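Chain and residue survey
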Amino acid sequence: MAHYDSDDPRLEPVAAALAAVKRAEKQLAAKKDQLAGAVADAVRAGVRPSAIVKKTEYSAESIRQMLRAKEVDPLRPPTVTSIRKLQELQDARDES
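My aim in this report is to walk through the structure given alongside it, one point at a time. (Residues numbered from 1 in each chain as written. Predicted model: local features only at pLDDT ≥ 70, side-chain atom pairs only at ≥ 80, totals over all residues. Heavy atoms only, no water.)

Digging into helix H1 (residues 12-44)
- Here H1 spans 48 Å end to end across 33 residues, near enough to the 48 Å set by a 1.5 Å rise per residue.
- By the burial criterion, the buried members of H1 are Ala36, Gly37, Val39, Ala40 and Val43.
- The inward-facing, buried residues of H1 abut helix H2 (49-55) and helix H3 (60-69).
- At the exit of H1 stands Gly46, carrying a positive phi of roughly 110°. (Helix = DSSP H or I, 4+ residues; strand = E, 2+ residues; numbered from the N terminus. Expected span 1.5 Å × (residues − 1). Buried < 20%, exposed > 50% of the residue type's maximum accessible area, 1.4 Å probe, protein only. Contact = heavy atoms within 4.5 Å.)

Describing the side chain of Asp8
- Mapped onto the elements of the fold, Asp8 is located in the segment before H1.
- For Asp8, a relative accessible area of 11% translates into the label buried.
- One polar contact links Asp8 to Arg10, side chain to side chain, over a distance of 2.5 Å. (Polar contact = N/O pair within 3.5 Å; in protein donor to acceptor, adjacent residues only side chain to side chain.)

Observations regarding the environment of Leu35
- The topology assignment puts Leu35 in helix H1.
- The exposure class assigned to Leu35 is partly exposed, which follows from its relative accessible area of 27%.
- In this structure the C-alpha to C-alpha distance between Leu35 and Tyr58, which are 23 residues apart in sequence, comes to 11 Å.
- With residues up to four places along the chain from it excluded, the contact list for Leu35 reads Tyr58 and Met66.

Listed below in structure tokens is the structure:
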């Protein structure tokens, strides 16, 4: 097995790409937190989570997780009817 020196100049592009990925991951995490804040603000203002599901490509569970992360709780558990309607919306979205 070959041994490579960590100071090998051929690894510089790898290190640069890795740094770019880490920066992008931090930016993505910040944007996801911003989205969760916007979702929480909308629900606090009276928007129903189901309306957010319809507007976004996120599932009801993802929206619930965002709201929990922003301490918007308790949300009433979904009813059988609301689960069915959300599934129909997701199926329709998948077909298009």
